[in-house]
Amino acid sequence: RANSIRHNIESNGNTLTVNIDDYDELKEAGGFKVIKEVTIGEITDSIIIVKKSDTEYLVYSSVCRHKKCNVKYKKDRDLFVCPCHGSTYDMSGKVIKGPSQGDIPKYHVKVNNNKLEISI
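**Description of the packing of aromatic side chains**
Tallied over the full model, the rule gives three aromatic pairs. For the ring pair F32 and Y73, a centre distance of 6.4 Å and an interplane angle of 75° mean the geometry is edge-to-face. One end of the pair, F32, is in strand β3 (residues 32-40); the other, Y73, is in strand β6 (residues 72-74), with 41 residues separating them in the sequence. Of the residues examined, F32 reaches a relative accessible area of 26% and is grouped as partly exposed.

**Details of the pattern of salt bridges**
In a structure, side chains of opposite charge can pair up when their charged atoms sit close to one another. This model, assessed by the stated rule, comprises four salt bridges. Across the pair D78 and K52 runs a salt bridge, and its minimum N-O distance is 2.7 Å. One end of the pair, D78, is in the loop between β6 and β7 (79-81); the other, K52, is in the loop between β4 (43-51) and β5 (57-61), with 26 residues separating them in the sequence. Among the salt bridges present, the one from E117 reaches K110, with a minimum N-O distance of 3.6 Å. Given the relative accessible area of 23%, E117 is considered partly exposed.

**So, the state of the cysteines**
The term disulfide refers to a covalent linkage connecting the sulfur atoms of a pair of cysteines. Under the definition given, this model contains one disulfide. C82 provides the cysteine sulfur closest to C64, a residue in no disulfide bond, and the two sulfurs are 3.9 Å apart. The exposure class assigned to C64 is buried, which follows from its relative accessible area of 1%. Under the relative-accessibility criterion, C82 is labelled buried at 3%.

**Section: the sheet that holds strand β1 (residues 9-12)**
Ordered in space as β1-β2-β11-β10-β5-β4-β3, the seven strands form an open sheet in which the pairing is antiparallel. Two strands lie at the open edges of the sheet, namely β1 and β3, each paired on one side alone. The mean inter-strand angle of the sheet, taken between neighbouring strand axes irrespective of direction, is 25°. Note: strand β2 (residues 15-19) against strand β11 (residues 115-119), five bridges, orientation antiparallel. Across the sheet, the residue bridging to N19 is K115, located in β11.

About the criteria used
- Residues numbered from 1 in each chain as written.
- Predicted model: local features only at pLDDT ≥ 70, side-chain atom pairs only at ≥ 80, totals over all residues.
- Heavy atoms only, no water.
- Phe/Tyr/Trp six-rings, centres within 6.5 Å; stacked < 30°, edge-to-face > 60°.
- Helix = DSSP H or I, 4+ residues; strand = E, 2+ residues; numbered from the N terminus.
- Buried < 20%, exposed > 50% of the residue type's maximum accessible area, 1.4 Å probe, protein only.
- Salt bridge = Lys/Arg side-chain N within 4 Å of Asp/Glu carboxyl O.
- Disulfide = S-S within 2.5 Å.
- Pairing = 2+ DSSP bridges.
- Axes fitted to C-alpha atoms, helices over the stretch in contact; angles between N-to-C directions.

Here's what the structure looks like:
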């Protein structure tokens, strides 16, 4: 299944397009999905997509700035938490609890016909 989904992710210039319908995790508000090693412009990154509401999605780098583990979204606390060492980030990507010393970057996102257009 993972290989077929990769074909529905397109990188075109500075925009990455993701088909929302390909991910069951993004059907309900509070759901999230980590997608590893995508290209946005000249950056290769792993991203975390969070569905905040029926019309609002947030996209961040999922890579913790401490030891490069992928963060998880904690809906009940509205935070990102790294499962490796507990670094915690708020919903602007700012680190609020270490050991990480750096923030996770936030990407611009636009919803267009059940597709997310993600850019730097």
